[in-house]
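Survey of secondary and tertiary structure
Each chain, written out:
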Amino acid sequence: MFRRVANIASLCLCKTGDYAIQRLIGLSPNGLMKLILTQVLSFVLYGLTVGIFLGLLLTRMMAVIDEGAPMVYDFFTLQGYWISRQKLKKKL
């Protein structure tokens, strides 16, 4: 996770020359901020799309390999996590 954030930050720092040229051409500071945020958002959406696609593909491949096994989703682990994050109520 941190490596991805560092990669995006490094990309922004490496592109300072490009950003300076865009400022010289006439891009406003708000426009530059929108450009940077658009680039970051595009990276995030690309990562989500590819990750979901590969996850579904690998899950489907596993289902094809092991046809007889039932598909089981463990919702109790997530539910236990949610319950453990709630404040405890004192019952007298």
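Residues numbered from 1 in each chain as written. Predicted model: local features only at pLDDT ≥ 70, side-chain atom pairs only at ≥ 80, totals over all residues. Heavy atoms only, no water.

A word on the packing of helix α2 (residues 16–25) against helix α3 (residues 29–65). Between α2 and α3, whose axes approach to 10 Å, the crossing angle comes to 140°. With respect to their mutual orientation, α2 and α3 come out oblique. Here α2 and α3 pass one another in a crossing that is right-handed. Residues Tyr19, Gln22 and Arg23 of α2 form the contact with α3, whose own contacting residues are Pro29, Leu32, Leu35, Ile36 and Gln39. (Axes fitted to C-alpha atoms, helices over the stretch in contact; angles between N-to-C directions. Helix = DSSP H or I, 4+ residues; strand = E, 2+ residues; numbered from the N terminus. Parallel < 35°, antiparallel > 145°, perpendicular 65-115°, else oblique. Left-handed = near helix turned anticlockwise from the far one by under 90°. Contact = heavy atoms within 4.5 Å.)

This part covers the confidence of the model for the protein chain. Averaged over all residues, the pLDDT of the protein chain equals 78, while 80% of them reach at least 70. Highest mean pLDDT in the protein chain belongs to α3 (87); lowest belongs to helix α4 (residues 75–84) (68). (pLDDT = per-residue confidence, 0-100.)

For α3, built from 37 residues, the straight-helix expectation of 54 Å at 1.5 Å per residue is met to within 8% by its first-to-last C-alpha distance of 54 Å. Among the residues making up α3, those that are buried are Gly31, Leu32 and Ile36. (Expected span 1.5 Å × (residues − 1). Buried < 20%, exposed > 50% of the residue type's maximum accessible area, 1.4 Å probe, protein only.)

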